[in-house]
Amino acid sequence: MKRDPNELDPRAPFGEVNPPAPDIEAAARAGWQRPALPSINPGTDAITIQQVDLDQYYGPPDLRFYPPGTSGAGERPILRIFGVNDNGNSITIHVHGFQPYFYVRANNVDKSKVDSGEFAQQLDRAVAQKGNRGMGANVGGRCVEKVEWCEKQTLMHYQTEKGVPFLKITMIAPHHVSAARGIFEQSGQQTYESNVVFPLRFMIDRDLSGGGWCAVQKGNYQLRPAHQKTTACQLEIDVHHSKVQAMDPNEGDWGRIAPLRILSFDIECFAKKGFPEATKDPVIQIASLVTVQGETEPTVRNVMTLGTCDPIADAEVMAFQREEDLLMAWTRLVQEADPDIITGYNINNFDLPYLLDRAATLRLDNFARFSRVLHVAVRAKNTTFSSKA
């Protein structure tokens, strides 16, 4: 009976995928992996990383990081920082307790209704009537967390008043902001900072810069057990948002670059006629190079080929008889190498989409499981990012 490559565990060791020879495979895997993670003690060890990426997801509120009396029902937004420490270990920081907010002028608003919570209740009912409770709504049935009276000064136009009454409106979930904003703007009231996307709002408030260093001091985080990990990083911790500390790149050596792992790759296809098409033309070779920032020589020089191939100087050459095995082997390489950056010439427009489409044609559902987030398949799509913040 032939083995179905789709039955492979997407995080299983490379050895299950038709290796050219056991000794070559073992030596290859040893060179593909990151340095071993040292023992970490939350009571004595700080966690310091260079930020590589930051995103958000929803999950049940971790009550260790919320005020007493917070409901454990529903879901809350959780920020996720991916980074690398000085040892070259990959680390995920799950950031809890941060909530989206915006401002509006307190025009003709009774301060006593704000202080009593009545204004927040009225706004919450208005948001609910728009049908925008959605994710996070069943946290006590609310969309509005709180409304606070404060004094601010707008940067728009010339201002003579230094302190003007504003309302700081904190919502349960990021998408509730647009619903609440619409209510105010429909009544002719201008909102402030209501277009700042949630991860960027966190970075601004904590003074974090993209690609910068951040730290969580000892005693301020919880280690996430291996069976609760949700990413492929070597270490995951949970922390309250107020404990994430930005390191000033202008002080000390915080302008340095961590030993980031960079995967460069290129594919070759065989087309009998014209330009190759993923629905019918096979991938016959994938060449991969893994470099570590600060090192002079690559840690991985690998060529995976369909059929036979002559030796290539200073490179691991792995030959496969089936295209399915070649593709799944490359997935293993990405998983084992755990790169921080994936690059290559035109890979966004050709190589990556071709690999994904080719794997779909061959029904290799597990091929795309080389995301940093476990159990999430990689997909290619066209997108743009813009911000007016």
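Thresholds, definitions, all that
- Residues numbered from 1 in each chain as written.
- Predicted model: local features only at pLDDT ≥ 70, side-chain atom pairs only at ≥ 80, totals over all residues.
- Heavy atoms only, no water.
- Pairing = 2+ DSSP bridges.
- Helix = DSSP H or I, 4+ residues; strand = E, 2+ residues; numbered from the N terminus.
- Contact = heavy atoms within 4.5 Å.
- Axes fitted to C-alpha atoms, helices over the stretch in contact; angles between N-to-C directions.
- Salt bridge = Lys/Arg side-chain N within 4 Å of Asp/Glu carboxyl O.
- Buried < 20%, exposed > 50% of the residue type's maximum accessible area, 1.4 Å probe, protein only.
- Core = buried A, V, L, I, M, F, W, Y, C linked by side-chain atoms within 4.5 Å.
- pLDDT = per-residue confidence, 0-100.
- Parallel < 35°, antiparallel > 145°, perpendicular 65-115°, else oblique.
- Left-handed = near helix turned anticlockwise from the far one by under 90°.
- Nonpolar A, V, L, I, M, F, W, Y, C, P; charged D, E, K, R; others polar.

1. Regarding the sheet that holds strand 5 (residues 144–152)
Taken together, four strands build an open sheet; the order of strands is 5-6-4-7 and the sheet is antiparallel. Edge positions in the sheet fall to strand 5 and strand 7 (191–192), since each of these pairs with one other strand and no more. Relative to strand 7, strand 4 (residues 101–105) runs antiparallel, the two sharing two bridges. Residue pairing for strand 7: V104 is matched across the bridge by T191. The sheet strands contacting helix 3 (residues 118–129) are strand 5 and strand 6 (164–171), and the helix crosses strand 5 at an angle near 125°.

2. Here we look at the pattern of salt bridges
Working definition: two side chains of opposite charge can pair if their charged atoms are close together. What the rule picks out here adds up to 19 salt bridges. Of the charged contacts, one joins E236 and R224 as a salt bridge, the two residues approaching to 3.8 Å between their closest N and O atoms. Taken together, the residues E236 in strand 10 (residues 235–240) and R224 in the loop between strand 9 (221–223) and strand 10 connect sequence positions 12 residues apart. R224 shares its class with E236; the two are buried.

3. Remarks on unusual backbone geometry
Unlike most non-glycine residues, D314 shows phi in positive territory, near 60°. Among the structural elements, D314 can be located in the loop between strand 14 (300–306) and strand 15 (316–320). Classification of D314 by relative accessible area gives exposed; the value is 65%. With phi around 60°, N346 is a residue other than glycine that occupies positive phi space. With respect to the element layout, N346 can be found in the loop between strand 16 (341–343) and helix 7 (347–361).

4. Side note on the nonpolar core
As a rule of thumb, nonpolar side chains are buried together in soluble globular proteins. Judged by nonpolar contacts, the single largest core of 32 residues is most densely connected at I267, V283, I286, M304, W330, L355 and F367. For this core, the secondary-structure elements that each account for two or more residues are strand 12 (261–269), strand 13 (283–292), strand 14, strand 15, helix 6 (323–337) and helix 7. The element best represented in this core is helix 6, accounting for eight residues. Within the second largest apolar cluster, 26 residues are counted, among which are I81, V164, Y192 and M203.

5. A word on the sheet that holds strand 12
Spatially, the five strands line up as an open sheet ordered 15-14-13-12-16, and their pairing is mixed. Every interior strand has two partners, whereas the edge strands, strand 15 and strand 16, have only one. Sheet twist, expressed as the mean angle between neighbouring strand axes with direction ignored, is 20°. Against the sheet, helix 6 touches strand 12, strand 13, strand 14, strand 15 and strand 16, its axis set at about 10° to strand 13.

6. Description of the confidence of the model for the protein chain
Mean pLDDT over the protein chain: 88, with 86% of residues reaching 70 or higher. Every residue in residues 134–140 scores below 50 in pLDDT, and together they form 20 contacts with partners more than four places removed in sequence or on other chains.

7. As for the packing of helix 6 against helix 7
If you want to describe how two helices pack, look at the angle between their axes and the distance between the axes. Where helix 6 meets helix 7, the closest approach of the two axes is 11 Å, and the angle between their N-to-C directions is 130°. Classed by the angle they form, the pair helix 6 and helix 7 counts as oblique. Helix-helix and strand crossings are classified by hand; for helix 6 and helix 7 the assignment is left-handed. Here E323, L327 and W330 of helix 6 lie close against helix 7, whose contacting residues are L355, R358 and A359. Taken together, the residues of the contact of helix 6 with helix 7 break down into four nonpolar, no polar and two charged.

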